[in-house]
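# Descriptive structure summary
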Number of protein chains: 2
Amino acid sequence: MQLDTPCLVIDADRLENNIRGMAERARRHNVALRPHIKTHKSVEIARMQLDAGACGITVAKVSEAEIMADAGIDDIFIAYPVIGPVKLERLTRLAQRCRRLIVGIDSLAGARALDEAARAAGLKLEVRMEVDIGFARTGIAREDALDLARAVSRMSGLDLTGIFAFKAMTLAGKPSLDLQAAGEEEGRLTVELANRIRADGIPLRDVSAGSTPTAAVIAAQPGITEIRPGTYVFNDMATVASGACQHADCAAGVLVTVVSSNGRDRLVVDGGCKTFSTDSQPGTPPLCLTGFGRVLQDEQLVLNRMTEEHGMMLVKPGAKKHEVGDQLLVIPNHICTTVNLHAQAVLIKDHREILRTIRIDARGCVT
Amino acid sequence: MQLDTPCLVIDADRLENNIRGMAERARRHNVALRPHIKTHKSVEIARMQLDAGACGITVAKVSEAEIMADAGIDDIFIAYPVIGPVKLERLTRLAQRCRRLIVGIDSLAGARALDEAARAAGLKLEVRMEVDIGFARTGIAREDALDLARAVSRMSGLDLTGIFAFKAMTLAGKPSLDLQAAGEEEGRLTVELANRIRADGIPLRDVSAGSTPTAAVIAAQPGITEIRPGTYVFNDMATVASGACQHADCAAGVLVTVVSSNGRDRLVVDGGCKTFSTDSQPGTPPLCLTGFGRVLQDEQLVLNRMTEEHGMMLVKPGAKKHEVGDQLLVIPNHICTTVNLHAQAVLIKDHREILRTIRIDARGCVT
């Protein structure tokens, strides 16, 4: 396999297994699977997920939704507060060409502007309220959720059909890698809140939670109707470190070339922080990852330092001999932000056969 | 100014000042200015640099050189070892349509492959040898430099015309912010090495060194013929922290919108680590930056946590009141990798007037 590098490479069999496995998990527990496309950003892979049984997709951005809708995917949840006049205008246009478009809300101000835009466009927009169950990001505080739900349920341009939550594996920097306990808590808090709102007479249908590490546990929680994992299509070293998958489940890596060597303890490869994302740092709790990824060919090589175009690998004692021109495959720490740096990926089989190129259609959508 | 966000915004006057200032510095010291386009990745801004007196441009990638050559820029230095058959094929094609193309080498293996590719294409390729003067990245070790220079000077497909060096402000994590001393050392080591090679009968013409923080000092060093700063066009919080520029010299920022607020100590903006690069961490030596950037409107807001699409700002006591829908301008820690995440920038004047959109033509070139 002689590919120009750096090159994002996807193993076709592992990808298929990951997609099928999560779909089966959702089916077994009778919950809908609405995968977040943030990991692959690819129309082709979104279609594979839908073909395997996903009910629709989740996106973070209006621009991502537009690209997926352009490709004919018409059941889309934008799990993010859509704020500002330019975005609202794009959103109402998008809603008119989707079979189902759901939008996240988490504030009265945001909901009011959305309601106004919907009414001005003659639409009734389906919305879900995001609730903060401990991640301290977006999401209305649990104690304020009922008030917001009441206000939104009275807005004639909006149709409040559910709530959604997200809680990453870490909370304020502290490790929380008991996936069973984390998933149960995430599920319990979300369902309790949904039930409290329902008891007020607001008929919520959808209770959506769960990311890749907790998806399996969440799917089994009574009252949960939908899971939204993203990373599972590829997995990465952070997912391995969380205990949610094995090395052999990692379907995506970056092929790089050794471009320089000091002949002793340092190799330089042609992938730096423009090729691998740096948001998942080596040595940072809770993952305690070694380097910015795992070098498949040689565990004694540690990608421990990066500048934009240079990846410096520490050559540990016992490493094999690597020469300028050799290619190495690196499984990144965080695949989602890594994929965002690439315009395409190459789909391979059995480590060697090149099947085809996959476009990262929604790569780098910022708005 | 109502722009859709996140939006990379460039102040036209500051950009022009920065470009003119560096060109004047180079002229004053009678050195060539060959700016690294890694910071802006834009044909339009490269042309502004050339119009102001730059002799040519520096790039890191063959793909970047191809894009600049497509736009008619024909004096290009690829300051990076070009390795692998696919890249060499692209390189020789590129050389045939550039007035001047210079390529970096730092190993015998790399030089041999380049020589072979050049001869096969019937070319004589101009090369510069990269020397490591303490950054421990690419670059031949100083003690091995003469041997490599001798070998390369005997290769009939290559024309060794110079050496180049780069030394960042940090060395193995230790701060080294005495720019005068750092620049003098960088210049002295590079010139000494060039003279040692010349004494061996190898006629080196170009001695190239200097990045934004050290460019002014390096330009004044006897024997230096060229400087290659990149970041100076925009500057960023890391440049401010280095002492090489002032806040008022920062020409590029990212406009974001407040999408969520807990009404107390947290705002969430629509720019996370897909919008701001994370390679320059807050609180990491030697820069001790506060947050992932500086919020222009309010110093009491600290962008202290990011996920892909969410930027969490700590609202410190004394902060102004900010509502969902408000827009904030953030000067990033590292502008080069931030620009790489955006497909375009908006050029503005006097903080309000929108002049035009600038394409980030070579955005996200990985190969």
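Residues numbered from 1 in each chain as written. Chains lettered and ligands numbered in written order. Predicted model: local features only at pLDDT ≥ 70, side-chain atom pairs only at ≥ 80, totals over all residues.

### Remarks on the domain arrangement of chain A
- Each assigned domain of chain A is listed with its residue range as follows: domain 1 (15-232) and domain 2 (247-359).
- One C-alpha centre belongs to domain 1 of chain A, the other to domain 2 of chain A, and the line joining them spans 32 Å. (Domains from an automatic or database assignment.)

### Here we look at the interface of chain A and chain B
- Contact with chain A, which involves 51 residues of that partner, is made by 51 residues of chain B.
- Looking at the side of chain A that touches chain B, the elements with two or more residues in it are β4 (75-81), α4 (85-95), α5 (108-120), β11 (252-261), β12 (266-269) and α10 (335-339) of chain A.
- Sort the elements by how many residues they give to the side of chain A that touches chain B and β11(A) lands first, with four residues.
- The class makeup of the residues in the side of chain A that touches chain B is 19 nonpolar, 20 polar and 12 charged. (Contact = placed C-beta atoms within 7 Å. Helix = DSSP H or I, 4+ residues; strand = E, 2+ residues; numbered from the N terminus. Nonpolar A, V, L, I, M, F, W, Y, C, P; charged D, E, K, R; others polar.)

### Observations concerning helix α2 (residues 43-51) of chain A
Residue and element names in this part refer to chain A.
- Inspection of α2 places V43, I45, A46 and Q49 among the buried residues, and these make up the whole buried set. Angular distribution of buried residues about the axis of α2 spans 165 degrees; they occupy a single face of the element.
- Taken together, the buried residues of α2 touch α1 (12-28), β3 (57-59), α3 (62-70) and β18 (353-359).
- Looking one or two residues past α2, G53 carries a phi angle of roughly 125 degrees, positive in sign. (Buried ≥ 20, exposed ≤ 12 C-beta atoms within 10 Å, placed from the backbone. Arc of directions from axis to C-beta.)

### Details of the pairing of strand β18 (residues 353-359) of chain B
All names here are of chain B.
- Little of β18 sits out of view: just zero of its seven residues are buried.
- Bridge count for strand β17 (residues 344-349) against β18 is six bridges, and the pairing is antiparallel. Residue pairing for β18: I348 is matched across the bridge by I354.
- Hairpin connection from β17 to β18: three residues lie between these consecutive antiparallel strands, with D350 at a positive phi of about 50 degrees. (Pairing = 2+ DSSP bridges.)

### Topic: the confidence of the model for chain A
- Mean pLDDT over chain A: 94, with 96% of residues reaching 70 or higher.
- Counted against residues more than four places away or in other chains, residues 171-176 of chain A, with its pLDDT under 50, gives 10 contacts. (pLDDT = per-residue confidence, 0-100.)

### Considerations on the environment of A:R205
Residue and element names in this part refer to chain A.
- Assignment of secondary structure puts R205 in the loop between α7 (179-199) and β9 (206-209).
- In the structure, R205 is positioned 197 residues away from L8 in sequence and 39 Å away in space, judged by C-alpha atoms.
- Each residue touching R205, except ones within four places of it in the same chain, is listed here: T161 and G162.

### Things to note about the relation of the copies chain A and chain B
- Structural alignment of chain A on chain B gives an RMSD of 0.0 Å, achieved by rotating through 180 degrees and translating 0.0 Å along the axis. The transformation just described matches what one would write down for a two-fold rotation axis. The position closest to the rotation axis in chain A is occupied by the C-alpha of A:T278, lying 3.0 Å away.
- Both copies contact each other with a shared surface, as 100% of the interface residues of chain A are interface residues in chain B too. (Least-squares fit on C-alpha atoms with pLDDT ≥ 70 in both.)

### Examining unusual backbone geometry
- At the junction of A:T5 and A:P6, the peptide bond is cis and its omega measures out at -5 degrees in the coordinates.
- If you trace the backbone, A:P6 turns up in the segment before β1 (7-11).
- For A:D350, which is not glycine, the phi dihedral falls at a positive 50 degrees.
- Take A:D350: it is sitting in the loop between β17 (344-349) and β18.
- Take A:D350: there are 8 C-beta atoms within 10 Å of it, and that puts it in the exposed class.
- One non-glycine residue, B:N30, adopts positive backbone phi at about 60 degrees.
- Structurally, the position occupied by B:N30 is in the loop between α1 (12-28) and β2 (32-33).

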